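Chain by chain, the residues run as shown.
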Amino acid sequence: MTSPMIDLRSDTVTKPTAAMRHAIANAEVGDDVYSDDPTVNRLEQMVAEQLGKAAAVFNCSGTQSNQMAVRAHCAQGDEILIDESSHIVNYEAGGAAALSGVSLRVLRGRGGLFDVADLEGMVRPDNPHYSITRLVSVENTTNHGGGRVWPLAQMNRVADWAHDQGLQVHVDGARLFNAVTAGGYSAREFVKNADTVSVCFSKGLGCPMGSILVGDAESIRRARRARKLFGGGLRQAGMMAAAAIYALEHHVERLAEDHANARAFAEAVSTIDGVQLNVSDVESNLVFFGIEPKLGTAAQLSALLLKRGVRLNSMGTQRLRACTHLDVSRADVLRAAELVRECVSEGFGNLKDAATSAYSAR
Ligand SMILES: Cc1ncc(COP(=O)(O)O)c(C=O)c1O
């Protein structure tokens, strides 16, 4: 019997549990475009209350939530201040420009985090030559930045600065509950000074799909209009909202296990010769590590691991990412680390059929 794949590509690969499927099957539904879906309405109210905001809108994906927020806050020709590693900059198909005519002015933060010193001088003066600086966007946890967690005080400094400049603040909280698990603050505390926040259900929370955007009533009204415009109006979406409610009630506390598994994987992999990994950089469920070029490329290592039963993503020529989640155990991650060790010691630099695509945002 072949052993099942250990899939560390992303926390988006999880399959709904039997109990979640039961919640999905039993959901009360209606037409959400008419605001008639009681389960969607319940979810929106529940998350708005939890995050201390006036309104929320359920939608298909984190990308859609972020793009709805961009549209809600900005007009054509406006500009967003955002870290260079962020999902909105790199992995949303140029959506801010394509859908809303908005440009992104990138900041060189650290691990996806930036501070007031990085923002000083970045608001453009009122002058017809310039775009209008409108929004600051924060990603927590950071994805490509390395799964880093924003400290609460830093978030508040950045948000206060933005508001003092007359800017709005969006939080891409695709993994907000991971941040909360690691950060020692509540979701409500973290987003207190944000104008809008997107949260994904299809990542660590283990749902088949879905994201929610929360904020003040006017921003969410505009975002709901953008959702329709972007083709994201939902009908009997209560089935997916039921999964999200189930996840909020049952899958948040367990995120600590994913973080501990990520740490265990990182500790094991960090001792392999030729691997560059600082265990103290691992703050949530994402583990990024480098491999020395003399060993081969990340794509080659990832291709060899695939043959041995482990999937993980290459994130550039020498960088890989492993992501822990609901569907991998401690034994799985330790086995995966052992297989990385095996592959490194056997050598993979001559492998010819390595995947060439380094897409691995999720
Ligand atoms: C930080 C962040 N924001 C947004 C998204 C987009 O989510 P989706 O894949 O649901 O569009 C992702 C997906 O990985 C992400 O990591």
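Analysis parameters
Residues numbered from 1 in each chain as written. Predicted model: local features only at pLDDT ≥ 70, side-chain atom pairs only at ≥ 80, totals over all residues. Heavy atoms only, no water. 1 Å grid on protein atoms, 1.4 Å probe; cavity = no way out; pocket = protein on both sides within 12 Å on 5 of 7 lines; lining within 4 Å. Points joined across faces, edges and corners; volume = space filled by probe spheres on them. Helix = DSSP H or I, 4+ residues; strand = E, 2+ residues; numbered from the N terminus. Nonpolar A, V, L, I, M, F, W, Y, C, P; charged D, E, K, R; others polar. Buried < 20%, exposed > 50% of the residue type's maximum accessible area, 1.4 Å probe, protein only. Pairing = 2+ DSSP bridges. pLDDT = per-residue confidence, 0-100. Contact = heavy atoms within 4.5 Å. Axes fitted to C-alpha atoms, helices over the stretch in contact; angles between N-to-C directions. Parallel < 35°, antiparallel > 145°, perpendicular 65-115°, else oblique. Left-handed = near helix turned anticlockwise from the far one by under 90°. Phe/Tyr/Trp six-rings, centres within 6.5 Å; stacked < 30°, edge-to-face > 60°.

**So, empty space enclosed by the protein**
Scanning the entire structure with this criterion turns up 1 cavity of 30 Å³ or more. Estimates place the volume of the largest cavity at around 40 Å³. Residue lining of the largest cavity: Ala-174, Arg-175, Leu-176, Phe-177, Asn-178, Cys-200, Lys-203, Gly-204 and Leu-205, and that is the complete set. In terms of residue count, the dominant contributor to the lining of the largest cavity is helix H8 (residues 176-183) (3 residues). Class assignment for the residues of the lining of the largest cavity results in 5 nonpolar, 2 polar and 2 charged.

**Some points on unusual backbone geometry**
The omega torsion across Asn-140 and Thr-141 is -5°, close enough to zero to call that bond cis. On the secondary structure map, Thr-141 appears in the loop between strand E5 (132-139) and helix H7 (152-164). A positive phi is found at Ser-35, a non-glycine position, where the angle reads about 60°. Here Ser-35 is to be found in the loop between helix H1 (18-25) and helix H2 (38-51). A residue is classified by how much of its surface remains accessible, and Ser-35, at 44% relative accessible area, is partly exposed. For Ala-93, which is not a glycine, the phi torsion comes out positive at approximately 55°. Relative to the elements of secondary structure, Ala-93 occurs in the loop between helix H4 (87-90) and helix H5 (95-100).

**Brief notes about the pairing of strand E7 (residues 196-200)**
For E7, the buried fraction is high: 5 of the 5 residues fall into the buried class. A two-sided burial pattern is seen for E7, the buried positions comprising Thr-196, Ser-198 and Cys-200 on one face and Val-197 and Val-199 on the other. Where strand E6 (residues 168-173) meets E7, 4 bridges bridge the pair, whose relative direction is parallel. Within E7, the residue paired with Asp-172 across the bridge is Ser-198. Summarising the sheet, E7 and strand E8 (residues 211-215) pair through 5 bridges and their orientation is antiparallel. The residue bridging Val-197 from the neighbouring strand is Val-214, located in E8.

**Things to note about the confidence of the model for the protein**
Per-chain confidence: the protein averages 95 in pLDDT, with 96% of residues scoring 70 or above. Below pLDDT 50 for its whole length, residues 356-362 participates in 19 contacts with residues either more than four positions away or in separate chains.

**Looking at the sheet that holds strand E12 (residues 313-314)**
Within the open sheet, the 4 strands sit side by side as E9-E10-E13-E12. Their pairing is antiparallel. The sheet terminates laterally at strand E9 (275-276) and E12, the two strands that pair on one side only. Pairing of strand E10 (residues 286-291) with strand E13 (residues 319-323) involves 5 bridges; the strand directions are antiparallel. Paired with Phe-288 across the strands is Arg-321, a residue of E13. In the packing of helix H12 (residues 255-270) onto the sheet, the strands contacted are E9, E10 and E13, and the crossing angle to E10 comes to about 15°. Running at roughly 40° to E13, helix H13 (residues 298-308) makes contact with E10, E12 and E13 of the sheet.

**Overview of the packing of H13 against helix H14 (residues 330-346)**
Between H13 and H14, whose axes approach to 10 Å, the crossing angle comes to 120°. Between H13 and H14, the angle falls in the class oblique. Note that H13 runs across H14; the crossing there is right-handed. Where H13 abuts H14, its residues Leu-301, Leu-304, Leu-305 and Arg-308 lie against Leu-339, Val-340, Glu-342, Cys-343 and Glu-346. In terms of residue class, the contact of H13 with H14 is made up of 6 nonpolar, no polar and 3 charged.

**Observations concerning the packing of aromatic side chains**
The full count for this structure, using the stated rule, is 4 aromatic pairs. Here the aromatic rings of Phe-58 and Phe-201 are separated by 6.2 Å at their centres, their planes lie at 50°, and the arrangement is tilted. Highlighted residues: Phe-58 in strand E2 (residues 55-59) and Phe-201 in the loop between E7 and E8, separated in sequence by 143 residues. Neither Phe-58 nor Phe-201 differs from the other in exposure class; each is buried. Summarising the aromatic geometry, the rings of Phe-114 and Trp-150 are spaced 5.1 Å apart at their centres and angled 85° between planes, so their arrangement reads as edge-to-face. Residue Phe-114 is located in the loop between strand E4 (103-107) and helix H6 (116-119), and its partner Trp-150 is located in the loop between E5 and H7; the two are separated by 36 residues in the primary sequence. In this structure Phe-114 comes out as buried when scored by relative accessible area, which is 0%. Assessed through its relative accessible area of 0%, Trp-150 is described here as buried.

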